[in-house]
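Residues per chain are reported as follows:
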Amino acid sequence: MVRLNVLMATVVLTLAAAPVVADTASHAAQVEQFLKLARADRMSVPVHAQVQQMFAQRFAQAKAPADKQAVLERYQAKADALLEGAVGWETLKPDMIKLYGRHFSERELKELNAFYQSALGRKVLDTMPELTAQSAQLAQARLESVVPEVNKLLEEMGKELK
């Protein structure tokens with residue numbers, strides 16, 4: 001009798017959990033579609049490029065002869081492999097799905113996906129990198145004008161704290 005009760009409880013819990021698993025899978029599928037539309041798989045490209053540039057600069061600083069180009073390329077390949085293991089899309093994808101899934105409901109993701117599939121959504125995706133870079137340049141230029149004043153304030157505070 002006890003075994004039958006345990007078996008019945010197990011069956012009931014399994015059946016009750018089935019919609020949750022289906023909802024979770026459906027939600028994750030919406031997140032994955034959003035990340036694909038948002039081109040999240042390309043987010044590590046600037047990191048790779050920056051590291052490649054760092055190696056090229058070090059190579060130039062060392063005034064290495066042209067016949068050592070293979071050494072540079074070998075180290076760049078090693079760095080790429082290292083980065084891919086740490087921040088490559090296949091490494092990040094499961095965590096990104098969880099992250100976005102916690103912040104957006106399935107309904108919200110469906111709306112986002114519809115937007116990013118529209119002409120305006122694609123335009124946003126196409127222009128956002130350039131807009132972000134230009135916005136950062138604007139902010140940096142404005143920030144540079146106040147750096148001396150901020151440094152002066154830091155210096156004054158340091159004197160006052162002594």
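To start, this report covers the structure provided alongside it.

How each quantity is defined
Residues numbered from 1 in each chain as written. Predicted model: local features only at pLDDT ≥ 70, side-chain atom pairs only at ≥ 80, totals over all residues. Heavy atoms only, no water. Helix = DSSP H or I, 4+ residues; strand = E, 2+ residues; numbered from the N terminus. Buried < 20%, exposed > 50% of the residue type's maximum accessible area, 1.4 Å probe, protein only. Contact = heavy atoms within 4.5 Å. Areas by Shrake-Rupley, 256 points an atom, 1.4 Å probe, with all protein chains shown as cover. Core = buried A, V, L, I, M, F, W, Y, C linked by side-chain atoms within 4.5 Å. Phe/Tyr/Trp six-rings, centres within 6.5 Å; stacked < 30°, edge-to-face > 60°. Lys NZ or Arg CZ within 6 Å of the ring centre and 35° of its normal. Axes fitted to C-alpha atoms, helices over the stretch in contact; angles between N-to-C directions. Parallel < 35°, antiparallel > 145°, perpendicular 65-115°, else oblique. Left-handed = near helix turned anticlockwise from the far one by under 90°.

Another point: the overall build of the chain. For the chain, the helix and strand inventory stands at six helices and zero strands. Beginning at the N terminus, the succession of helices and strands in the chain can be written as α-α-α-α-α-α. Residues counted as buried form 15% of the 162 residues belonging to the chain. Counting only contacts in the chain whose residues sit at least 6 apart along the sequence, the fraction spanning at least 24 positions is 74%. By element, 63% of the accessible surface of the chain is carried by carbon and sulfur atoms, the whole surface being about 12,700 Å².

Looking now at the nonpolar core. Nonpolar side chains tend to gather and get buried jointly when the protein is soluble and globular. If you look at the biggest cluster of nonpolar residues, it comprises ten residues: Val31, Phe34, Leu35, Ala40, Trp89, Met96, Ile97, Leu109, Tyr116 and Leu125. For this core, the secondary structure elements donating two or more residues are helix H1 (2-37), helix H4 (89-103) and helix H5 (106-117).

It is worth spelling out the packing of aromatic side chains at this point. Summed over all chains, the structure comprises five aromatic pairs. With a centroid separation of 6.2 Å and 15° between ring planes, the pair formed by Tyr100 and Phe104 is classed as stacked. An aromatic cluster of at least three residues, connected via ring pairs, comprises Phe34, Tyr100, Phe104, Phe115 and Tyr116. When the ring centre of Tyr75 is taken as reference, the NZ or CZ atom of Lys78 above it lies at 4.8 Å.

This part covers the packing of helix H2 (residues 45-61) against helix H3 (residues 69-87). Put simply, H2 and H3 touch, their axes get as near as 10 Å, and they point 150° apart. What the angle tells us is that H2 and H3 run roughly antiparallel. In the packing of H2 onto H3, the handedness of the crossing is right-handed. Residue-level contacts link Val47, His48, Val51, Gln52, Phe55, Ala56 and Phe59 of H2 to Gln69, Leu72, Tyr75, Gln76, Ala79, Asp80, Leu83 and Glu84 of H3.

The next point concerns unusual backbone geometry. For Arg39, which is not a glycine, the phi torsion comes out positive at approximately 60°. Mapped onto the fold, Arg39 is located in the loop between H1 and H2. Phi at Lys63 is positive, roughly 50°, even though this residue is not glycine. Of note, Lys63 is situated in the loop between H2 and H3.

Functional significance is not addressed by these values, which are geometric in nature.
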